[in-house]
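Notes for the structure review
One-letter residues, chain by chain:
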Amino acid sequence: MGEDRRLAAVVGLAQGMAAARTPRESWRAAALGACRALAGGFAALSVWERDLGRLRVLVNVGDRSADEDEFPEDEAYPVHQFPEITEFLHERWVSGGEPNAWVETARGPAAGQPGYCHQRVAALRRRGRGSCVVAPIVLHGRAWGELYVARSAGTPVFDRADADFATVLAAVVAAGIAQTERLEEARRLAFTDALTGLANRRAVDVRLEEAIERHRADGTTVSLVVCDLNGLKRVNDTRGHAVGDRLLERFGSVLSLCGAMLPGALAARLGGDEFCLLAVGQPADGVVKVAGELCRRAAELELGEGVACGVASTEDPIGPVRSARRLFRLADAAQYRAKAVRAARPVVAGREGPDDPVVRLADEPSHEGSGERRRFRGRP
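Residues numbered from 1 in each chain as written. Predicted model: local features only at pLDDT ≥ 70, side-chain atom pairs only at ≥ 80, totals over all residues. Heavy atoms only, no water.

1. Considering the pairing of strand E7 (residues 142–152)
Of all 11 residues in E7, nine are buried; the element is thus mostly enclosed. The pairing of strand E6 (residues 129–139) with E7 spans 10 bridges and is classified as antiparallel. Of the residues in E7, the one forming a bridge with Pro 136 is Glu 146. Connecting E6 to the antiparallel partner E7 that follows it, the hairpin turn spans two residues, and His 140 within it adopts a positive phi of roughly 55 degrees. (Buried < 20%, exposed > 50% of the residue type's maximum accessible area, 1.4 Å probe, protein only. Helix = DSSP H or I, 4+ residues; strand = E, 2+ residues; numbered from the N terminus. Pairing = 2+ DSSP bridges.)

2. A word on the packing of helix H1 (residues 3–19) against helix H5 (residues 160–190)
Between H1 and H5, whose axes approach to 9 Å, the crossing angle comes to 25 degrees. It follows from the interaxial angle that H1 and H5 lie roughly parallel. Like other packed secondary-structure pairs, H1 and H5 cross with a definite hand, here right-handed. Here Arg 6, Ala 9, Val 10, Leu 13, Ala 14 and Met 17 of H1 come into contact with H5, specifically with Ala 161, Asp 162, Phe 165, Val 168, Leu 169, Val 172, Val 173, Gly 176 and Ile 177. Split by residue class, the contact of H1 with H5 holds 12 nonpolar, one polar and two charged. (Axes fitted to C-alpha atoms, helices over the stretch in contact; angles between N-to-C directions. Parallel < 35°, antiparallel > 145°, perpendicular 65-115°, else oblique. Left-handed = near helix turned anticlockwise from the far one by under 90°. Contact = heavy atoms within 4.5 Å. Nonpolar A, V, L, I, M, F, W, Y, C, P; charged D, E, K, R; others polar.)

3. Observations regarding the pattern of salt bridges
Within the structure shown, the criterion is met by 25 salt bridges. Here Arg 54 and Glu 49 are joined by a salt bridge, their closest N and O atoms 2.5 Å apart. Accessibility expressed as a relative area gives 27% for Arg 54, which makes it partly exposed. Using a relative accessible area of 14% as the deciding quantity, one classes Glu 49 as buried. In this structure, Arg 269 and Asp 193 form a salt bridge, with 3.3 Å as the shortest nitrogen-oxygen distance. Here the residue Arg 269 occupies a position in strand E9 (residues 266–271), and Asp 193 occupies one in the loop between H5 and helix H6 (201–218), the gap between them amounting to 76 residues. Both residues of the pair, Arg 269 and Asp 193, count as buried. Because the salt bridges share partners, they merge into one network encompassing Asp 67, Glu 68, Arg 127 and Arg 129. (Salt bridge = Lys/Arg side-chain N within 4 Å of Asp/Glu carboxyl O.)

4. Quick word on the sheet that holds strand E12 (residues 347–348)
An order of E9-E10-E8-E11-E12 is seen for the five strands of this open sheet, with the pairing classed as mixed. Here the strands that pair on one side only, and so sit at the sheet edges, are E9 and E12. Relative to E12, strand E11 (residues 307–313) runs parallel, the two being bridged by two bridges. Residue pairing for E12: Gly 310 is matched across the bridge by Val 347. Contacting strand E8 (222–229), strand E10 (274–280), E11 and E12, helix H9 (residues 284–299) runs over the sheet at an angle of about 175 degrees to E11.

5. Topic: the environment of Arg 202
With respect to the element layout, Arg 202 can be found in helix H6. Classification of Arg 202 as partly exposed rests on a relative accessible area of 47%. Between the C-alpha atoms of Arg 202 and Ala 268, which are 66 residues apart in sequence, the distance is 9.6 Å.

6. Topic: the nonpolar core
In this structure, Leu 45, Val 133, Ile 137, Leu 169 and Val 173 are the most contacted members of the largest nonpolar core, which totals 38 residues. For this core, the secondary-structure elements that each account for two or more residues are H1, helix H2 (23–37), strand E1 (42–49), strand E2 (54–62), E6, E7 and H5. No other element matches the 10 residues that H5 contributes to this core. For Val 133, the residues in contact, after removing those within four places along its chain, are Leu 38, Ala 101, Trp 102, Val 103, Leu 147, Tyr 148, Val 149, Phe 158, Asp 162, Ala 163 and Ala 166. (Core = buried A, V, L, I, M, F, W, Y, C linked by side-chain atoms within 4.5 Å.)

Here you go:
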């Protein structure tokens, strides 16, 4: 391969990883880019899980055999079967050497020999491959995993130049993985409440918009539980904000536990003393039951004074729900009513007959179009 083509291949790999929106997309872009750059027929990206002592395959691309899934759930190999990941690589880079790639063939090791690895040779033969190039991936100065590219039997065997090029590709992949990890951490922080570790309001807004789109497309049930933690101000005023924060954390744990009763539910802190649960595809009665359990457990907390809880579900008679904002308004109005009447159980929008007071309150025309979540504090 000429220098220009190799440069184009490196640029293409880097651009593919940069365009990825998720770790999986990044892994796939890395493997595909390396496979094309090295004119391989198959490629895989694996991570070294030190705590479990194994090399776990993240993605397989190209001509996969019957036992190779694209994103395998449990394809992993004990590192003692591939000693170079812990011995050859470690000794080479720790002593000042470079983590260079090497080639192995169905007959045994070739260019850049780290030592004979009969497991790799056996795998090549079993899957009808003639040779492979293995490139270590180093991230933050430590072994992260490896890039593996193979060619079918009967095609040209990888040589020393291919191994050198694979070393360059592995460095590009490492840079792409580092960028992906930074972006993932930024996303996690952007969508997480720092105090409780639950999702935050931004995460709820995004997930709820997506859920309402599904509801409009195929009728998927979307339910929202909004709750207000009673007594937080009293705790802050009499025992200090550190104790108040502890109450918020403890209630967050209770909310998380109850949310786990609804598969796929999102537990979040909206801000201050307000929390919510977003459930998609779950029966409304099941959501109401979980909300009742949440009220019961909140009432048993040593601090605080229980919780005011409102529920709104597209499965109940609340009229058409064409926007996330309307479902939020309904759940908020139900929560307001629960607080106003000091209800020990959740108030559910639409379950008090044709002239349901919660639906009427949420849909008052004078407040439509404000663009903000409905606030009912202090209203008669």
